[in-house]
Amino acid sequence: MYIQSSPISWGNKGKTISLNSPTELPKASHFLWNKNMVAQVNCRGYVISQFMQPEPAKYSHGPNLEAKTFIQPEQPFYTEHPGRFFYIKDHATGEVFSLPYEPMRKTLDSFVFNAEMSEVRWQIKHLSWRFDIIFNLDLETNLEYWSLDVKNSDDSERKLSIYTCFSIGYMSWMNQAATFKPELNTIVASSVTAYQKVEDYPTVKNLNDKTFLMSDKKATSWCCSFADFVGEGGLTQPDAIQHGVLPSKTVNYETPIAVLQHDVTLEKHANESLCFLFGPANNIEEISEIKSKCHLAYFNNVRAEYLNYVQQCVGNLHFDSPNVGLNHVVNYWLPRQAFYHGDVNRLSTDPQTRNYLQDAMGMIYLSPSVTRERLIFALTQQQANGELPDGILLTDEAELKYINQVPHADHNVWLSLVLLAYLEQTGDTSVLDEVVAYADKKSSGTVTEHVEKALDWLINNTDRNGLSLIAQGDWCDPMNMVGYKGKGVSSWLTFATAYAIKCWVKICDQFLPTYNAKKHSHYQTSMQYLNNAALNAFQSGKWFGRGITDDGRLFGTEKDAEGKMFLNAQSWAMLSGVTTIAEQPEALTQINQHLLTPYGYTMLAPSYTKMVEDVGRITQKSPGVSENGSVYNHAAIFYAYALFEQGLTDQAFDVLTRMIALPESGINRDQLPNFVPNYYRGAYFQFPDYAGRSSNLFNTGTISWLMRCVNEHLCGFKGLTNGVEISPQLPSDWQGFGFSRQYRGALFTVEIIRDANIEQQQTSCNGRALAQNRLLNIKPDTSYKIEIKLPYVARTQAKLCIIMGVSGSGKTAVAKSLASQCNSVFVDADDFHSEWAKKQMAQGIPLDDNYRDHWITKLSTYLTTLRCQKQNTVLAYSGLKQKHRERFRTLGLDVRYFNLKVSEPILKQRLQNRETHFFDPNLLASQLSSMEQITTDEQDVVHIDGTQPLEEVINSIKDLI
């Protein structure tokens, strides 16, 4: 789980993220995109690329014909995976190695992978050679730009051969071939997209079915047959390189590859640069026209233009907090990811409506006009009855595909949420009066009327109890069998509908002062009705169930062995106003008990391990993966936002930062902090060896909400009709921070400090005190210097009560009951034992100290996670070793030990009566002998008579805590 020192470092004031090892984070990657393509580049040289024609297509494939898919989470890399490799043969030593690392995987003298804002670079040294590899895209075409610069660092002339090897793969079962065009210095591979029906031919005949690799320097030899290149050695030791010269022959109906050989002789300290273009094309004439772009000067122009393009990613916020890594992420990398989502719509022609609208929300902080445009465009596809479609068609030729062909019930929810965020940031109330035609083109309405229709559709799309029907899914796509018969309902959607109405009411109150009073009352009443209906139907014990199936079963409750609790139901209950933490303080404890892991909050727990037919295909997904109990960041950020709204800043900040792979956190997430992935693996207690692994997938609705949390809550910018309220929410350990922010055409420079002499926030602008921390009548092109003083926040330590004793002492029963009565999380130290350790103990084999140290480390990590949530905890733990007891005292918790004293005969009797525990009773003697005496220094240890009745033991402890 933890790494001693991070292989990741920051450079260029946070605009560069460097990785100094190809093996410590082997799946670490970066991505580049333009209006027509996206490429995800792995640090070891693997590449996943796709372009639009107009649907997503690939030009570099695996060795077998691949099904058409999006970029997949947790991409499984293998030797023949599509990649961009450079084999190097040193003529002096005869050694052959590959760059950047794959496929030969030889140890290099030094390795640096740089994720830049606008490009990908490697800096590698080996055998006195220095190699600089740069990967770029331009702004419009489907071309990959690669350059390789080689420098001879030796004091004598040296020779090497470079074999540039770019995968093409199995492209078509109908027709594939490849050859070398010497006049273009290019390998061209051709295929024919497979089709069956005659009517499909007009569509496929104009596809870009050629893949080419072009070089600016004349090649010594070339190879375009995968089989000829690898021979018997495979990609890890290709036969063709051993022969020295590549087999330069045309191939037909063979799996193609593109390999160009360049022999280079360099004087001492001299260098040589090679440029390559790689991508799809329709015909040879098109490739011939591209030839003029294949030289270093053009590459440098491309680099400069692309850099200018991504400068738009830099948001209107410059963040300067005590957390340096977070500053870099907030200032550069979050806006970059938000810009990708919002500028190109994830390179889809039919983005899901929820994604389209939420991605547009992120653009508020980069280009608000884009948000306005997207809102209005989405409304052009709204039905006259108010229903928004499952996907937004971006072109006249686009069709709803894949998941967008499945009816979901949530798309109308996002409209008022995004509109409110837009209005608060811009104050642009004119959008509300914009007239937009409905999808049938027969009628039109103002944006206000569109929103009303959308909300009314949601209100009416309920069952007789006023609960939102789920159809074949709500926000959770694979929850497809809860309501497919037309009866199942969703707690999340009911809460979300109430929240959507809540947002609209806020819009009316702040931005529509003359709004119809009767309509206002209608929406207020509808919101309350939905909340009351949800409260009555979904509350089960101390939390809310996730839904009610077609057959009337409430699921997501204590009664369920798997899928016991869902995060979204709890988060959106807070957002909708159906409950508050003040009214239901045990809610947070239950969420922490069931869903919190060191990697963040899981979407549900425990993960499903088998199909549940009245829930759906979510239960068929691998446990801890994707929606089935991963740390699904889109759900986690909803929770963070809800916590901020509840004023629980420390807890919200902890949720937020755990989804960012900051190197200083010490947690190895197998990815860089250049983007927030859609999930990290969950099932922390079920499959601990896999927990925390990143999906490395950068498409996620998390980003826009993360931007909102930073801007609205950490910085506290909350827009008003004619101004702004600035009420920052600082983590309690921050003594101050500053930021600058472009807002409604003005520049705000904000400095925040804590002051021990005040009891409430004090705000001044250009030296003048502001009433209610509000600045009104903001003037564009004006600078405002804001100074804020905040009171100190008392730091309270969370309590950790450790109920200790050897097996049979009753510590688990005592701890569990005590936790329940004291609104604390119950933790059983035995849950952190590995399966191997449990088998050892079941066989009567004692555990050694090395294993116990590892066990305590894992347990300490989890307890620290609870501490960050200010969560009181009760731990059942044997407490055998004094050094382990001491370690818990260093975790920053208010620790109390209660040692249950039970005689050995009673312990033996209790253990003999056990039937299900893994502990072998014969190990009791080992535990008793291992129990180190409690020293006089351990004054926090209280001895309790463990032979008393359970309630008396608990009461004795409660009197002391």
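Residues numbered from 1 in each chain as written. Predicted model: local features only at pLDDT ≥ 70, side-chain atom pairs only at ≥ 80, totals over all residues. Heavy atoms only, no water.

1. Some points on helix H13 (residues 567-576)
Quick reminder of the rule: Classification of residues uses two cut-offs on accessible area relative to the type maximum, computed with a 1.4 Å probe and protein chains only: under 20% is buried, over 50% is exposed, and between them is partly exposed. Per the convention used, a helix needs a DSSP run of H or I reaching at least four residues, while a strand needs a run of E reaching at least two, with both numbered from the N terminus.
Of all 10 residues that make up H13, 10 are buried, and the element is covered over most of its length. Every buried residue belonging to H13 is among Leu567, Asn568, Ala569, Gln570, Ser571, Trp572, Ala573, Met574, Leu575 and Ser576, and all of these are buried. Just downstream of H13 lies Gly577, where phi reads positive at about 95°.

2. Overview of the sheet that holds strand S11 (residues 129-137)
The following threshold applies: We call two strands paired when DSSP finds no fewer than two bridges between them.
Spatial strand order, S1-S2-S9-S10-S11-S12-S20-S16-S15-S14-S18: 11 strands in an open sheet with antiparallel pairing. The open sheet has two edge strands, strand S1 (8-11) and strand S18 (251-252), and neither has a second partner. Two strands pair when backbone bridges link them, and S11 and strand S12 (residues 144-152) are joined in this way by 9 bridges, in the antiparallel orientation. The residue of S12 that forms the bridge with Asn136 is Tyr145.

3. Section: the pairing of S1
Where S1 lies against strand S2 (residues 16-19), 4 bridges are found, and the strand directions are antiparallel. Note that in S2 the partner of Trp10 across the bridge is Ile17.

4. What to know about the nonpolar core
The condition is simple: Take the buried residues of types Ala, Val, Leu, Ile, Met, Phe, Trp, Tyr and Cys, join any two whose side-chain atoms come within 4.5 Å, and each joined set is a nonpolar core. Whether two residues are in contact is decided by their heavy atoms: any pair within 4.5 Å suffices.
By size, the foremost hydrophobic cluster in this structure holds 256 residues, and its most contacted members are Trp33, Trp504 and Phe748. With 14 residues, the single largest contributor to this core is helix H11 (residues 491-511). In contact with Trp504, other than residues within four places in its own chain, are Ser416, Leu419, Leu432, Thr448, Val451, Glu452, Leu455, Leu512, Tyr515 and Tyr523. Residues Tyr87, Cys223, Leu235 and Ile241 belong to the second largest nonpolar core, which totals 16 residues.

5. Describing the sheet that holds strand S39 (residues 762-765)
Defined as follows: Axis definition: a line fitted to C-alpha atoms, limited for helices to the stretch in contact. Angles are taken between N-to-C directions and run from 0 to 180 degrees.
A sheet is described by the order of its strands in space; here 6 strands give the open sequence S21-S37-S38-S42-S39-S40, paired in mixed fashion. On the outer flanks of this sheet lie strand S21 (317-320) and strand S40 (768-769), each paired with one strand and no other. For S39 and S40, the ladder comprises 2 bridges, and the chain directions are antiparallel. Residue Ser764 lies in a different strand from S40, and its bridge partner there is Ala769. Strand contacts of helix H17 (residues 702-714): S21 and strand S37 (736-743), with the helix running at about 70° to S21, the strand carrying the most contacts.

6. Quick notes on the pairing of strand S9 (residues 110-116)
Counting buried positions along S9 yields 5 of 7 residues, so the element is predominantly enclosed. Sheet topology places S2 next to S9; 4 bridges connect them, and they run antiparallel. Its bridge partner lying in S9, Leu19 is registered against Phe113. Sheet analysis places S9 next to strand S10 (residues 120-126), joined by 6 bridges and oriented antiparallel. The partner of Phe111 across the bridge, within S10, is Ile124. In textbook terms, the turn of a hairpin is the stretch between consecutive antiparallel strands, and for S9 and S10 this stretch comprises 3 residues.

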